[in-house]
Amino acid sequence: MSGHHAVLDRAAFEQALRAKGQYYHIHHPYHRAMYAGECTREQIQGWVANRYYYQVNIPRKDAAIMANCPDADVRRLWLQRVLDHDGDGREPGGIEAWLSLAEAVGLGREEVIDQRHVLPGVRFAVDAYYNFARRASWQEAACSSLTELFAPEIHQSRLDSWPQHYPWIDDSGYRYFRKRLGEARRDVEHGLTITLDHFNTPALQTRALEILQFKLDILWTILDALTMAYVHHTPPFHTVTDARVWHRGLNV
Ligand SMILES: O=C(O)c1cc(C(=O)O)c2c(n1)C(=O)C(=O)c1cc(C(=O)O)[nH]c1-2
């Protein structure tokens, strides 16, 4: 997409956004190994403990988008995302469901909640997403959530492959993935409408595709950090010490 090009109509622009799915982290070797049944217990546990940091930052990210949005109708719909993760006081939310997953793969709640396993690379990638959402316009931040276009497929692929490959994972752990199937589809309808409405010039459409690529980079980079630590056994400072000396986040 270089040089001068005409504005894409809604269908063509949506098609261009969907084509970015070819760079979704579903294709990352770490994920591919998970579906193929090739991961060790430690690799599954490492993924779950690190992804917890993404989970707890999603509702903060969504609250930041609401804070930047002057449109009450958008805020009312966007609020559901915060409730999905934090819980609405009746049903447990996604963070709680993620902790059930952690327990189902043999982790203790405390070691996940205190973030001792969260690698610096994962923390920096998630923080980049959160900080982008805080500073960008609400339409740009909404656009950055559109990797969720591709998320139902990734949740389904876990439900389809994990139980047979990892019989040691308790079935109660799968609630999070089942829950997200419907939620992600609903989120994406709203996020896509905002994006198709707002990014309506060639320059803005190019910008939207770049924002989506930024988010794809974040998801891919999280798995690169996990690969260093749990596949190659080269976590940060491994040439110096086996201890987890890295910081636990300066604002938890
Ligand atoms: O398991 C995954 O691979 C995956 C990916 C993504 C995504 O594409 O950002 C999300 C989720 N899960 C998820 O569970 C979730 O709640 C979520 C919210 C968002 C977002 O950007 O607002 N992405 C995702």
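Everything numeric in this text was worked out from a predicted model, so none of it was measured. (Residues numbered from 1 in each chain as written. Predicted model: local features only at pLDDT ≥ 70, side-chain atom pairs only at ≥ 80, totals over all residues. Heavy atoms only, no water.)

> What is the right way to read the overall build of the protein from this model?
Summing up its helical and strand segments, the protein has 11 helices and zero strands in all. Its helices and strands taken in sequence order, the protein reads α-α-α-α-α-α-α-α-α-α-α from the N to the C terminus. Over its C-alpha trace the protein gives a radius of gyration of 19 Å, about what one expects of a compact globule, namely 18 Å for 252 residues. C-alpha extents for the protein along the principal axes are approximately 55 × 45 × 40 Å. Across the protein, every contact between residues at least 6 apart in sequence was considered, and the portion connecting residues at least 24 apart equals 79%. Distance between charge centres in the protein, computed from 28 positive and 31 negative side chains, equals 3 Å. (Helix = DSSP H or I, 4+ residues; strand = E, 2+ residues; numbered from the N terminus. Rg over C-alpha atoms; globule rule 2.2 N^0.38 Å. Contact = heavy atoms within 4.5 Å. Lys, Arg positive; Asp, Glu negative; His and termini not counted. Charge placed at Lys NZ, Arg CZ, Asp CG, Glu CD.)

> What is the right way to look at unusual backbone geometry in this model?
Across the chain, the bulk of peptide bonds are trans and the bulk of non-glycine residues have phi less than zero. Of note in this structure, H233 is not a glycine but carries a positive phi near 55°. With respect to the helices, strands and loops of the structure, H233 is situated in the segment after α11 (202–231). The phi angle at F237 is positive, at roughly 70°, despite the residue not being glycine. Of note, F237 is situated in the segment after α11.

> Where do I start with the packing of helix α3 (residues 41–67) against helix α5 (residues 94–104) in this structure?
Axis angle and axis distance: for two packed helices, these are the angle between their axes and the distance between the axes, and together they describe the pair. Across the interface, α3 lies against α5 with an axial gap of 10 Å and an inter-helix angle of 175°. For the element pair α3 / α5, the angle class is roughly antiparallel. On α5, the residues that touch W47, V48, R51, Y52, Q55, V56 and P59 of α3 are I95, W98, L99, L101 and A102. Of the residues belonging to the contact of α3 with α5, the class tally is 10 nonpolar, one polar and one charged. (Axes fitted to C-alpha atoms, helices over the stretch in contact; angles between N-to-C directions. Parallel < 35°, antiparallel > 145°, perpendicular 65-115°, else oblique. Nonpolar A, V, L, I, M, F, W, Y, C, P; charged D, E, K, R; others polar.)

> What should I look at first to understand the pattern of salt bridges in this one?
Pairing between side chains becomes possible if they bear opposite charge and their charged atoms approach one another. Applying the stated criterion to the full structure yields 19 salt bridges. We note a salt bridge from K179 to E183, for which the minimum N-O separation is 2.8 Å. With K179 and E183 both in helix α10 (residues 175–198), this residue pair falls four residues apart, about one helical turn. On the basis of relative accessible area, E183 is assigned to the buried category, the value being 10%. Across the salt bridge formed by D187 and R186, the nearest N and O atoms sit 2.5 Å from each other. (Salt bridge = Lys/Arg side-chain N within 4 Å of Asp/Glu carboxyl O. Buried < 20%, exposed > 50% of the residue type's maximum accessible area, 1.4 Å probe, protein only.)

> Got a minute to help me understand the UniProt feature "domain: Thiaminase-2/PQQC" (unreviewed entry) in the protein in this structure?
Mapped onto this structure's residue numbering, the UniProt feature "domain: Thiaminase-2/PQQC" (unreviewed entry) falls at residues 16–224. The span residues 16–224 shows a helical share of 74% and a strand share of 0%, and its end C-alpha atoms are spaced 26 Å apart. (UniProt positions renumbered as here; feature names shortened; annotations may be inferred.)

> How do you make sense of the state of the cysteines when you look at a structure like this?
By definition, a disulfide links the sulfur atoms of two cysteines through a covalent bond. The tally for this structure, following the rule as stated, stands at zero disulfides. As a non-bridged cysteine, C143 has C69 as the owner of its nearest cysteine sulfur, 15 Å distant. With relative accessibility at 0%, the residue C143 sits in the buried group. (Disulfide = S-S within 2.5 Å.)

> Help me understand the packing of aromatic side chains in this model?
Two aromatic rings are characterised by how far apart their centres lie and by the angle between their planes. Under the criterion given, the structure shown has 14 aromatic pairs. When the centroid spacing of 5.0 Å and the interplanar angle of 50° are considered together, the rings of F132 and F214 count as tilted. With F132 in helix α7 (residues 120–135) and F214 in helix α11, the pair connects residues that are 82 residues apart, well separated along the chain. Residue F132 is classed as buried on the basis of its relative accessible area, which comes to 18%. For F214, a relative accessible area of 27% gives the class partly exposed. With 5.6 Å between their ring centres and 80° between their planes, W162 and F177 make a pair best called edge-to-face. Of this pair, W162 sits in helix α9 (residues 151–165) while F177 sits in helix α10, placing them 15 residues apart in sequence. Taking the relative accessible area as the measure of exposure, F177 reaches 0% and is therefore buried. One aromatic cluster is present, built from ring pairs that chain together W47, W98, W162, Y166, W168, Y174, Y176 and F177. (Phe/Tyr/Trp six-rings, centres within 6.5 Å; stacked < 30°, edge-to-face > 60°.)

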